[in-house]
Number of protein chains: 2
Amino acid sequence: MKFKLASLRLLALAGGVLLLAAASFQAADAGKPAVSPARFTADGELIRPRDYRTWVYVGAPLTPNDMNEGAAAFPEFHSVYIDRDSYEHYKRTGQWREGAVIVKELISVGSKQAASGQGYFMGDYLGVEAMVKSRERFPDEPGNWAFFSFTSLNREPPKKQTVRMPTAQCAQCHQASAKENLVFTQHYPVLRAAKGVGTENPENRW
Amino acid sequence: MKFKLASLRLLALAGGVLLLAAASFQAADAGKPAVSPARFTADGELIRPRDYRTWVYVGAPLTPNDMNEGAAAFPEFHSVYIDRDSYEHYKRTGQWREGAVIVKELISVGSKQAASGQGYFMGDYLGVEAMVKSRERFPDEPGNWAFFSFTSLNREPPKKQTVRMPTAQCAQCHQASAKENLVFTQHYPVLRAAKGVGTENPENRW
């Protein structure tokens, strides 16, 4: 009888531990702290983000050479991604969080003719660029965003790390023309649709 | 002394339970069975997928009206996504798994001029389409892919469920022109880059 009582106590304790463990693992999954995917070297160079092709894609602007007298400033397709935690944060709050990373992958115009008609179709990867928001690291940059280009010349693989671009080279135009805190949300339907989801009924949205 | 021994035993047991719980939660996360996101009604209509904007984006073909004498068959931007489990499966094996879902979201041409130059920029959502691969459900369809359109007329919100399209309307062209098992991988750099990652050193790839 005493043995049985001890066993019951053990069982109860084990059950409690199991529930606690389950709760803590769930919390670690659902409410995990949003960690920035931006990683820097000791010298402050940004290490090229990995796995961004599984982040949240927000849009694909295109300004091809043949629509810009053969000399487009950005003659490629741009595939633009935002890290998943920052997307969720933006959905909830409509704000860009500290540590947000937006990656722009550059892709050649591969062809202009397909079974579906005349148009523009993606070719090969040409480069990778990123912008990182950090009040801590970039207190004096507009909106605390810094810009980085990992793109190498002659279609070489992209650099593994790089220093930030001069403010005049990227931030100025983003500041002047981007709709929202240096982000071109006017071209990104995914972000426009996401904004405010937290305060509206998702069923009523597209 | 006896109490201390009992406490130690309890502690050891609790520790063991904790480890077991941790192991099972990890396994549930890492090795979870790949479940198809395709959901059907009892009548075999496909229920419109949710959350596909957080799936893996593979490319954005564009055949605008003004490049097709004002009458393009597909005058919108297409944002093409594949469900995450199928992407991982494709990376490992180079094959499309049973239950794979590819979603094509239709987006208007919003503008043709921006700070970055003349081009094509995404506007608003117009519709949603999907293709689902299932040998079980579509044994007689080419490649076992069936095609669905949730797009409503007059920019109404998309349908919540729909029957599959006639084979002649989608599958025939996909079969004739798509590079790989009815999927237009020739226009999807993300998929071309992913294929074979499992058998090569990812560091050597773009």
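Structure: above.
First things first, this report covers the structure right here in the doc. Predicted model, so just to flag it, every value in this text is computed and none were measured.

**Things to note about the overall build of chain A**
At step 1: Of regular secondary structure, chain A possesses 4 helices and 8 strands.
At step 2: Counting all 206 residues of chain A, 47% fall into the buried class.
At step 3: Taking as baseline every contact in chain A between residues at least 6 positions apart, the subset at least 24 positions apart corresponds to 53%.
At step 4: In the form shown here, chain A has an accessible surface area of approximately 10800 Å², with 54% of it arising from carbon and sulfur atoms.

**Let's talk about empty space enclosed by the protein**
Residues and elements named next belong to chain B.
At step 1: For the coordinates displayed, the defined rule picks out 1 cavity of 30 Å³ or more.
At step 2: Empty space within the largest cavity amounts to approximately 40 Å³.
At step 3: Lining the largest cavity are E141, W145, A146, F147, R164, M165, P166, T167, C170 and A171.
At step 4: The dominant element in the lining of the largest cavity, judged by the number of residues it contributes, is strand β7 (residues 145-149), at 3 residues.
At step 5: Residues belonging to the lining of the largest cavity are distributed by class as follows: 7 nonpolar, 1 polar and 2 charged.

**Observations concerning the sheet that holds strand β8 (residues 161-162) of chain A**
Residue and element names in this part refer to chain A.
At step 1: With respect to topology, 3 strands assemble into an open sheet ordered β1-β2-β8, the strand pairing being antiparallel. Edge positions in the sheet fall to β1 (39-40) and β8, since each has one partner strand and no second.
At step 2: As paired strands, β1 and strand β2 (residues 46-47) are joined by 2 bridges and run antiparallel to one another. The partner of F40 across the bridge, within β2, is L46.

**Notes on the environment of P139(A)**
At step 1: Locating P139(A) in the fold gives a position in the loop between β6 (117-133) and β7 (145-149).
At step 2: Once residues within four sequence positions are removed from consideration, P139(A) is found in contact with S134(A) and N144(A).

**Notes on unusual backbone geometry**
At step 1: Even without being a glycine, D51(A) presents a positive backbone phi close to 65°.
At step 2: When you line up the elements, D51(A) lands in the loop between β2 and β3 (56-59).
At step 3: Of note, the phi angle at N144(B) is positive, near 65°, even though the residue is not glycine.
At step 4: Inspection of the secondary structure puts N144(B) in the loop between β6 (117-133) and β7.
At step 5: Residue classification places N144(B) among the buried positions, given a relative accessible area of 12%.

**Overview of the environment of P64(A)**
At step 1: Take P64(A): it is sitting in the loop between β3 and β4 (77-82).
At step 2: By relative accessible area, which is 2% here, P64(A) ends up buried.
At step 3: Note: C-alpha distance between P64(A) and P75(A) (11 residues apart in sequence) is 4.5 Å.
At step 4: Not counting chain neighbours up to four residues away, the residues in contact with P64(A) comprise A72(A), P75(A), V109(A), Y120(A), Q118(B) and G119(B).

**What to know about helix α2 (residues 84-93) of chain B**
Residues and elements named next belong to chain B.
At step 1: For α2, the full list of buried residues reads S86, Y87 and Y90. All buried residues of α2 project into a common sector of 105° when viewed along the axis, lining one side.
At step 2: Residues of α2 that are buried in the fold lie against β3 (56-59), β4 (77-82), β5 (101-114) and α4 (189-194).
At step 3: Within two residues after α2, G94 carries a phi angle of roughly 75°, on the positive side.

**Digging into the relation of the copies chain A and chain B**
At step 1: Least-squares fitting of chain A to chain B yields an RMSD of 0.0 Å, with the superposition described by an axial translation of 0.0 Å and a rotation of 180°. Expressed as a symmetry operation, the mapping of one chain copy onto the other fits a two-fold axis.
At step 2: Here 97% of the contact residues of chain A are again contact residues in chain B; the copies associate through an equivalent surface.

**Remarks on the interface of chain A and chain B**
How big an interface is tends to be stated in terms of the accessible area lost upon association of its parts.
At step 1: Contact residues are listed per partner, giving 65 residues for chain A and 63 residues for chain B.
At step 2: Between chain A and chain B, roughly 5100 Å² of surface is buried when both sides are summed, and carbon and sulfur atoms account for 65% of that area.
At step 3: Among the salt bridges present, the one from R192(B) reaches D124(A), with a minimum N-O distance of 3.5 Å.
At step 4: On inspection of chain A and its partner chain B, the count reaches 14 residue pairs in polar contact (both at pLDDT 80 or more).
At step 5: Among the secondary structure elements, those contributing two or more residues to the side of chain A that touches chain B are α1 (2-30), β3, β4, α2 (84-93), β5 (101-114), β6, α3 (171-177) and α4 (189-194) of chain A.
At step 6: Residue composition of the side of chain A that touches chain B, by class: 39 nonpolar, 16 polar and 10 charged.

**Considering the sheet that holds strand β1 (residues 39-40) of chain B**
The pairing of strands in a sheet happens through backbone hydrogen bonds and is either parallel or antiparallel.
Residues and elements named next belong to chain B.
At step 1: Strand order across the open sheet formed by 3 strands is β1-β2-β8, with antiparallel pairing between neighbours. Of all strands in the sheet, those bounded by a partner on one side alone are β1 and β8 (161-162).
At step 2: Both strand β2 (residues 46-47) and β8 contribute to a ladder of 2 bridges, which runs antiparallel. Bridging from a neighbouring strand, I47 pairs with Q161 of β8.

What counts and how
Residue indices follow the written sequence of each chain, beginning from 1 at its first position. Numbering of ligands from 1 and lettering of chains from A proceed in the order in which they are written. Owing to the predicted nature of the model, reporting of local features is limited to residues with pLDDT of at least 70; listing and counting of side-chain atom pairs is limited to 80 or more, with chain, interface and lining totals taken over all residues. Computation of side-chain values covers all heavy atoms of the structure but excludes hydrogens and water. Strands are runs of DSSP state E lasting at least two residues, helices are runs of H or I lasting at least four, and both sets are numbered from the N terminus onward. Here's how the labels work: a residue is buried when its accessible area is under 20% of the maximum for its type, exposed when over 50%, partly exposed in between, all with a 1.4 Å probe on protein chains only. Throughout, a contact is declared for two residues whenever any of their heavy atoms are within 4.5 Å. Using the Shrake-Rupley algorithm and a 1.4 Å probe, accessible areas are obtained, with residue cover drawn only from the displayed protein chains. In the cavity and pocket records, a cavity denotes points on a 1 Å grid over the protein atoms alone where a 1.4 Å probe fits but cannot get out, a pocket denotes an open set with protein on both sides within 12 Å along at least 5 of 7 lines, and lining residues are residues with an atom within 4 Å of a point. Grid points are joined across faces, edges and corners, and a volume is the space filled by probe spheres set on the points. Residue classes follow a fixed rule: Ala, Val, Leu, Ile, Met, Phe, Trp, Tyr, Cys and Pro count as nonpolar, while Asp, Glu, Lys and Arg count as charged, and any other residue, Gly among them, counts as polar. In this analysis, strands are considered paired if DSSP registers two or more bridges between them. Arc definition: directions from the helix axis to the C-beta atoms. In superposing the copies, a least-squares fit is computed on C-alpha atoms, taking residues whose pLDDT is at least 70 in both. What counts as buried area is the accessible surface, traced by a 1.4 Å probe, that two parts surrender upon association, with contributions from both included. Each salt bridge in this description consists of a side-chain nitrogen of Lys or Arg and a carboxyl oxygen of Asp or Glu lying within 4 Å of one another. In the analysis that follows, any N or O atom pair within 3.5 Å is treated as a polar contact, provided that within protein one partner can donate a hydrogen and the other can accept it, and provided that, for residues neighboring in sequence, both atoms belong to side chains.

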